[in-house]
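Each chain, letter by letter, is given below.
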Amino acid sequence: MATKRYQDDLYQAVNGEWEETAVIPDDKPATGGFQDLADEVEKQLLADFAAVADGSKQAPSAEFGEAVKLYQLAKNFEQRNQLGITPAIERLTWFKTLTFDTFNAHLGDIDRDLLPLPIAIDVEPDMKDTSKNSLMLTGPSTILPDTTYYAEGNQQGPQLIALWRQMAEKVLAQSDLSDAEQSAYLDDTLAFDRLIAARIKSSEEWADYPKAYNPKSFEQVAKALAPFDFEAYTTALFNHNPETIIVGDPRFLEEFSGLFNEANFSLYQRWAYVTDLLSNTGYLSDGLRITGGEFGRALSGSPEAPSQIKHAYRLANSFFSEPIGIYYGRTYFGEAAKADVTALVERMIKTYQSRLQNSSWLSQSTKDQAVIKLDKMVLKMGYPDKAREIYQQLHVDSDRDLLSNVIQLAQIRHQDHLSKLTQPVDRTTWNMPGHLVNASYDPSRNDITFPAAILQAPFYSLEQSDSQNLGGIGAVIAHEISHGFDNNGAQFDEFGNLHDWWQPEDYKQFNQLTQAMIEEFDGLETAAGKVNGKLVVSENIADAGGLAAALETAMQEKDVDLKAFFINWARVWRQKARIEYQQLLLSIDVHAPAVLRANVQPQNLDEWYTTFDVQPGDGMYLAPEKRIHIW
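Residues numbered from 1 in each chain as written. Predicted model: local features only at pLDDT ≥ 70, side-chain atom pairs only at ≥ 80, totals over all residues. Heavy atoms only, no water.

Kindly report on the packing of helix α22 (residues 504-521) against helix α23 (residues 537-555), identifying the contributing residues and their values.
At a minimum axis separation of 10 Å, α22 and α23 run at an interaxial angle of 100°. Between α22 and α23, the angle is such that the two are roughly perpendicular. Residues T514, M517, I518 and F521 of α22 touch α23, and the partners they reach there are V537, N540, I541 and A544. Considered class by class, the residues forming the contact of α22 with α23 number six nonpolar, two polar and no charged. (Axes fitted to C-alpha atoms, helices over the stretch in contact; angles between N-to-C directions. Helix = DSSP H or I, 4+ residues; strand = E, 2+ residues; numbered from the N terminus. Parallel < 35°, antiparallel > 145°, perpendicular 65-115°, else oblique. Contact = heavy atoms within 4.5 Å. Nonpolar A, V, L, I, M, F, W, Y, C, P; charged D, E, K, R; others polar.)

Just give me the short version of the sheet that holds strand β4 (residues 215-217), but keep the residues and values in it.
The sheet built from four strands is open, its strands ordered β2-β3-β5-β4 with mixed pairing. For this open sheet the edge positions go to β2 (120-126) and β4, each flanked by a neighbour on one side alone. Within this sheet the neighbouring strands show an average axis-to-axis angle of 40°, counted without direction. As judged from the seven bridges shared by β2 and strand β3 (residues 129-138), these two strands associate in the antiparallel manner. By the bridge assignment, D126 is partnered in β3 with D129. (Pairing = 2+ DSSP bridges.)

Outline the packing of helix α5 (residues 86-96) against helix α14 (residues 265-279), supporting the account with residue identities and numerical values.
What describes two packed helices is the angle between their axes and the distance between those same axes. Look at α5 against α14: their axes get within 10 Å of each other, and the N-to-C directions meet at 165°. In terms of orientation, α5 lies roughly antiparallel with respect to α14. Judged by the sense of rotation from one axis to the other, the crossing of α5 with α14 is right-handed. Along the contact surface, α5 presents A88, I89, R91, L92, F95 and K96, while α14 presents Y268, Q269, A272, Y273, D276 and L277. The residue makeup of the contact of α5 with α14, split by class, is eight nonpolar, one polar and three charged. (Left-handed = near helix turned anticlockwise from the far one by under 90°.)

Mind laying out empty space enclosed by the protein, listing which residues take part and the relevant values?
With the rule as written, the count across this model stands at two cavities of 30 Å³ or more. Taken as a whole, the largest cavity spans an internal volume of roughly 50 Å³. Q79, R80, L83, G84, P87, Y283, L284, D401, L402 and L403 are the residues that line the largest cavity. Among the elements of the structure, α4 (77-83) and α20 (402-419) are those that each provide at least two residues to the lining of the largest cavity. Residue composition of the lining of the largest cavity, grouped by class: six nonpolar, two polar and two charged. (1 Å grid on protein atoms, 1.4 Å probe; cavity = no way out; pocket = protein on both sides within 12 Å on 5 of 7 lines; lining within 4 Å. Points joined across faces, edges and corners; volume = space filled by probe spheres on them.)

If you want it as structure tokens, here you go:
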């Protein structure tokens, strides 16, 4: 295809030639900037795992050694194939004997065995007082990725359910259920799944996360959940009943009685049986691992399952990510690069502070509070100094089968998580490991995390120019800072508490600008369908603020090269994805499609037009009155 002009399509001008020849690996839904880096990181760590496993390299820590033991157990497919489905069936034997009358007496056992319940709980920092943890109540997940798939007229929903059923039939055929039981179990599972879908929030609703803060008294929740004995449940888990429960999805609580009752008990029980069995296929024989992943691959469009070695590494990583990330950071990143990037973050914060103070639409009172929040923002760069203590409790027993080990590790982790309910919030916790190619902002801790793995080209490199680095990692850094002031983050103060620190007129103006950002993206056409502006607004506000702050920082340098700045911005969003994966992301992902992230935000910046001489009529031209400036 002909090369696009920057003025018409920045993304294609930068990435079009690459896109023509890029090949998506058969076991992946996409390839490109983030994915390519993740593949390289995984390749490095796979080699290190193999070296520790064969004894040619010493484990850098006891926790890393346990990860390698789990990896070795996971790749022992001779043993796994001999055991087949048996470990997963045996674990469910006692659960099948439960009746409605005996169910409540075994709630503690069900939770300790990590079997599915008709409710879901979590321990999280209380949004109004993030020094303490609270218990949050939500509903269970659906089979399909979002409630919108269940809507009348959604053609994807029935197609995907049919694929799910085909997969489930193959797995249940290896169970000890009769043919008639297998069919009944699947019918009832799908019936219960539809009841769940009618009562829980969509991804768009969850994207407004302050609305998940709905404190209710324990008595109110217990009454609404009857005949589920919530008091017996919390007593079994915590030896007491918390005074307050944070209800994440009020409608689910209000309508719970229509989901779980004596008449529906068999639906629940069979749904739980099938859900648990399918969730454990990845720890059984290779045939079951591949069969059990069919639905997930249908959602992403990936034609092949991961290789046995990749599967074994990813399983080990899922339990030991923090010590693995610390090893990666120390080995492949180091203190010098950590110091250099920290200095870059401090530059970006200084620019952001200036932009807040010079805002044309904020009153001085709101500016002052915003700067206080910015000053209190905690930076977590590269990797933590040490792994959390929970990792010292995770031990792999090589004499036991893989599923038994996985369940035991998950139980230890689960109990540790529940124990936090009576402990103060640990603000030193990292929510991403050092080898993850990503970055994050946590509104409850007012901190930003930049794992070592993202701090490399094209995002960042000592070999790249300052302008290129600012168009890459600089914009990503400022993006995460901007999350402190997006439509969600703006409702939390410098300590991460849900608290109104705005002057009313300022917040009214902010909401108008937020609505403008929703409208800028809403309905934009992609190969997979139209964009939902409400779903992606928080990330778009962060993109806009991040790119603007990085641009201002770049312009402070004498040798600034704004062409290189904008080109690298487009390069980091390079992605080639399967159409099924694109459709999935449009439904559930709070980020806009990569091509739109690259192309839309530059159009809001006046310097885009002077840098590339963009004129009316060009594809990347936006009239001045339509350009959105928030941060």
